[in-house]
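Here is how the chains run, residue by residue.
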Amino acid sequence: MVAEAEARGLRIVFLGPPNSGKGTQAALLAEALGVPAISTGEMLRAAVAAGSALGARVKDVMARGELVSDELMAEVVRQRLSQDDVAGGCILDGYPRTVAQARTLEEILGPRGIDHVILVEAPEEVLIARALGRGREDDREEVVRERLRVYRDKTAPLEAYYEDRGLLRRIDGARSIDEVQAAIESVLGVRRVG
Ligand code: AMP
C-alpha cells in the first residue's frame, strides 16, 4: 500500500471548521511536499471574481455561508482532478464537505484514493475570535456563525466517516501556525532536509 501511495504521490484531505487554519496548513504542506493544493473555496472565489458562469451560480450561496450543491461541486472537482498536475499527489482543502461528496471523491479516485485525512480542530470560541478579529460587524458575525452551523450539520459527520476508515489524523489547531505545521509533518512522517 505504501508503495502504491508513493507511486502516485500522497493524496491528503484537510478537514476542519472555518478559521481552524486548515487552508493555511494545506498550502504549507503542499509546498513542503511539492504537490498542488486544491482549495475548492479559492476556486469558487476566483470564479466569482472572474464573473464566470460558475461564479454567477455560486455567488449568493457563498455570501450566505451555505454550501454549494453536491452536484455542482462534483463537476468542479472531477474536472480539476483530471488535470495532469495531480498525478504526483495533491492536497484537497475544502472538499469533501458532505458525506455525499466523500462518496463522489471515492468514485473519482477509487476506494483507496485517499492516504490521510488531517482534521484541524479548535474550540468554537477560538474559531469565532479568529473570524471576527478585532472588529465587530453583526452581519459578519451572523455569517461566521452560519458557516460554523453548516460545518457541524453537514461536514462534521465526515470525521466519523474517515475515522471508521482509519484515515483520520487529529491535529490541535489552537496553536501557532509553526506549531500546527510541525505537528502535521510529524504525524505524516514528513522529514525536512536542510
Ligand atoms: P472555504 O474557503 O473552503 O471556506 O469555502 C468558501 C465557501 O465556498 C463555502 O462557505 C461554500 O459556500 C463554498 N464551498 C467551498 N467548498 C465547498 C464544497 N466542497 N461544497 C460546497 N460548498 C463549498
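Since the structure is predicted, the reported quantities are computational estimates derived from the model, not experimental observations. (Residues numbered from 1 in each chain as written. Predicted model: local features only at pLDDT ≥ 70, side-chain atom pairs only at ≥ 80, totals over all residues. Heavy atoms only, no water.)

Notes on the packing of helix α3 (residues 40–50) against helix α5 (residues 70–81)
Two quantities define a packed helix pair, namely the angle between the axes and the distance from one axis to the other.
Thinking step 1. Interhelical geometry of α3 versus α5 gives an angle of 105° and a closest axis separation of 11 Å. By the angle class used here, α3 and α5 are roughly perpendicular. In this structure, α3 contributes Thr40, Met43 and Leu44 to the contact, and α5 contributes Met73, Val76, Val77 and Arg80.
Thinking step 2. The residue makeup of the contact of α3 with α5, split by class, is five nonpolar, one polar and one charged. (Axes fitted to C-alpha atoms, helices over the stretch in contact; angles between N-to-C directions. Helix = DSSP H or I, 4+ residues; strand = E, 2+ residues; numbered from the N terminus. Parallel < 35°, antiparallel > 145°, perpendicular 65-115°, else oblique. Contact = heavy atoms within 4.5 Å. Nonpolar A, V, L, I, M, F, W, Y, C, P; charged D, E, K, R; others polar.)

Structural notes on the side chain of His116
Thinking step 1. Examined against the element boundaries, His116 turns out to sit in strand β4 (residues 116–121).
Thinking step 2. For His116, a relative accessible area of 15% puts it in the buried group.
Thinking step 3. Side-chain polar atoms of His116 contact the side chain of Arg169, separated by 2.9 Å.
Thinking step 4. Excluding anything up to four places from it in sequence, His116 contacts Leu10, Arg11, Ile12, Val13, Leu167, Arg169 and Leu188. (Buried < 20%, exposed > 50% of the residue type's maximum accessible area, 1.4 Å probe, protein only. Polar contact = N/O pair within 3.5 Å; in protein donor to acceptor, adjacent residues only side chain to side chain.)

Quick look at the site of the ligand
Thinking step 1. What surrounds the ligand is a group of 14 residues, the closest being Thr40, Glu66, Gly94, Gln101 and Arg147.
Thinking step 2. Between the ligand and the protein, one listed contact pairs a nitrogen atom with a side-chain N or O atom of Thr40 at 2.8 Å.
Thinking step 3. The separation between an oxygen atom of the ligand and a polar side-chain atom of Arg97 is 3.0 Å.
Thinking step 4. Contact with the protein chains hides 93% of the accessible area of the ligand, taken as 480 Å² for the molecule alone. (Near = heavy atom within 4 Å. Areas by Shrake-Rupley, 256 points an atom, 1.4 Å probe, with all protein chains shown as cover.)

Describing unusual backbone geometry
Thinking step 1. A cis amide bond, omega 0°, links Tyr95 with the succeeding residue Pro96.
Thinking step 2. In this structure, Asn19 takes a positive phi of about 70° despite not being glycine.
Thinking step 3. Inspection of the secondary structure puts Asn19 in the loop between β1 (11–15) and α2 (22–33).
Thinking step 4. On the basis of relative accessibility, which here comes to 33%, the residue Asn19 falls in the partly exposed class.

A closer look at the packing of aromatic side chains
Thinking step 1. Under the counting rule described, the total for this entry stands at one aromatic pair.
Thinking step 2. Relative to Tyr162, the ring of Tyr161 has its centre 5.2 Å away and its plane inclined at 90°; by these criteria the two rings are edge-to-face.
Thinking step 3. By relative accessible area, which is 8% here, Tyr161 ends up buried.
Thinking step 4. Residue placement shows Arg165 over the ring face of Tyr161; its charged tip is 3.6 Å from the ring centre. (Phe/Tyr/Trp six-rings, centres within 6.5 Å; stacked < 30°, edge-to-face > 60°. Lys NZ or Arg CZ within 6 Å of the ring centre and 35° of its normal.)

Thoughts on helix α4 (residues 53–63)
Thinking step 1. For α4, the complete set of buried residues consists of Gly55, Val58 and Val61. Projection of α4 onto a plane perpendicular to its axis shows the buried side chains occupying an angular sector of 140°, all on one side. Among the exposed residues of α4, those oriented more than 90 degrees off its buried face are Ala53, Ala56, Asp60 and Ala63.
Thinking step 2. On its buried face, α4 is in contact with α3 and α5. (Arc of directions from axis to C-beta.)

Quick notes on the nonpolar core
Thinking step 1. Counting residues in hydrophobic clusters, the biggest one holds 27 residues, and the most contacted among them are Leu15, Val68, Leu81, Leu105, Ile114, Val117 and Tyr162.
Thinking step 2. Sorting the residues of this core by element identifies β1, α4, α5, β3 (90–93), α6 (99–109), β4 and α9 (157–164) as the ones contributing at least two each.
Thinking step 3. Examining the composition of this core, we find that four residues originate from one element, α5, more than from any other.
Thinking step 4. One finds Leu29, Ile171, Val180 and Ile184 within the second-largest nonpolar core, a separate group that totals 14 residues. (Core = buried A, V, L, I, M, F, W, Y, C linked by side-chain atoms within 4.5 Å.)

Quick notes on the pattern of salt bridges
Thinking step 1. Within this structure, the stated rule accounts for 11 salt bridges.
Thinking step 2. Its salt-bridge partner being Asp172, residue Arg175 comes within 3.8 Å of it at the nearest N-O pair.
Thinking step 3. Take Arg175: its relative accessible area is 33%, and that puts it in the partly exposed class.
Thinking step 4. One connected set of salt bridges, linked through shared partners, spans Glu121, Glu163 and Arg170. (Salt bridge = Lys/Arg side-chain N within 4 Å of Asp/Glu carboxyl O.)

Quick word on the side chain of Arg80
Thinking step 1. Counting through the fold element by element, Arg80 comes out in helix α5.
Thinking step 2. The buried category is assigned to Arg80, whose relative accessible area is 14%.
Thinking step 3. Side-chain polar atoms of Arg80 contact the side chain of Gln83, separated by 3.2 Å.
Thinking step 4. At a separation of 2.7 Å, a polar atom in the side chain of Arg80 contacts the side chain of Asp85.
Thinking step 5. With sequence-adjacent residues up to four places away left out, Arg80 is seen in contact with Pro36, Ile38, Met43, Asp85 and Val86.

It is worth stressing that arrangement in space is one thing and function is another; only the former is reported here.
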